[in-house]
Amino acid sequence: MQISFTLNGRPTTVEVEPATLVAELLREQLNLTGTHIGCDTSQCGACVVHLDGLPVKSCTLLAPALDGATLLTIEGLQGAPGSNRMHPMQEAFREHHGLQCGFCTPGMLMTAVALATEKPDLTEADVRHGLEGNICRCTGYQNIVVSVMAGAAAMNAAKGE
Ligand code: FES
Ligand code: FES
């Protein structure tokens, strides 16, 4: 079947099988390999993308659900339009050592941006709760939490510019 959706700001039409998962579609058909697959069972969060602005685990979402929707992947996350800068949340992860091997990082970033967008006055407890569905085997989480707090503050500051 054919589906049409907006992918990282661009109209996109693709042929998919009804049982194709969004994570497979992104990685195998569209060559967007920034969305990682860790567990493939909706537990690790490495595959998080934004569907119509909300974070979803793309390893358990069927591609036909994308028809007519807007999808944002890690490849579409960026700083101010027209700039070559990273998104403030990405800058914060770099600055505060929020990653080591980086495998969980795309999903962490997409979840973190969604959290900060939904609740601009995020507390540390909100961050820890909000990241419960994202597993990291490397960092011990503390630097991720610090990064998300800093990234959320930077997102708020950017709104006022
Ligand atoms: Fe989707 Fe782990 S690969 S949650
Ligand atoms: Fe390695 Fe999170 S940085 S899994």
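Residues numbered from 1 in each chain as written. Chains lettered and ligands numbered in written order. Predicted model: local features only at pLDDT ≥ 70, side-chain atom pairs only at ≥ 80, totals over all residues. Heavy atoms only, no water.

Caption draft 1: Quick look at helix H5 (residues 142-159). With 18 residues, H5 should cover 26 Å at 1.5 Å per step; its first-to-last C-alpha distance of 26 Å lies within 8% of that length. Buried residues of H5: Ile 144, Val 145, Ser 147, Val 148, Gly 151, Ala 152 and Met 155, and no others. Projection of H5 onto a plane perpendicular to its axis shows the buried side chains occupying an angular sector of 160 degrees, all on one side. Those residues of H5 that are buried lie in contact with helix H2 (88-95), helix H3 (105-118) and helix H4 (124-130). (Helix = DSSP H or I, 4+ residues; strand = E, 2+ residues; numbered from the N terminus. Expected span 1.5 Å × (residues − 1). Buried < 20%, exposed > 50% of the residue type's maximum accessible area, 1.4 Å probe, protein only. Arc of directions from axis to C-beta. Contact = heavy atoms within 4.5 Å.)

Caption draft 2: How the structure looks around the environment of Val 113. With respect to the helices, strands and loops of the structure, Val 113 is situated in helix H3. Judged by its relative accessible area of 6%, Val 113 falls in the buried class. As a C-alpha pair, Val 113 and Met 89 span 24 residues in sequence and 6.8 Å in three-dimensional space. If sequence neighbours within four positions are ignored, Val 113 has contacts with His 50, Leu 77, His 87, Met 89 and Met 155.

Caption draft 3: Just the pattern of salt bridges, in detail. The tally for this structure, following the rule as stated, stands at four salt bridges. Between Arg 85 and Glu 91 there is a salt bridge, and its shortest N-O distance comes to 3.7 Å. Overall, the relative accessible area of 57% leaves Arg 85 in the exposed class. Lys 119 is the partner of Asp 126 in a salt bridge, and the nearest nitrogen-oxygen pair spans 2.6 Å. (Salt bridge = Lys/Arg side-chain N within 4 Å of Asp/Glu carboxyl O.)

Caption draft 4: Representation of the packing of H2 against H3 within the structure. Between H2 and H3, whose axes approach to 10 Å, the crossing angle comes to 125 degrees. The pairing of H2 with H3 is recorded here as oblique in orientation. Judged by the twist between their axes, the crossing of H2 over H3 is right-handed. Across the interface between the two elements, Met 89, Gln 90 and Phe 93 from H2 touch Thr 105, Met 108, Leu 109, Ala 112, Val 113 and Ala 116 from H3. Here the residues of the contact of H2 with H3 are counted per class, giving seven nonpolar, two polar and no charged. (Axes fitted to C-alpha atoms, helices over the stretch in contact; angles between N-to-C directions. Parallel < 35°, antiparallel > 145°, perpendicular 65-115°, else oblique. Left-handed = near helix turned anticlockwise from the far one by under 90°. Nonpolar A, V, L, I, M, F, W, Y, C, P; charged D, E, K, R; others polar.)

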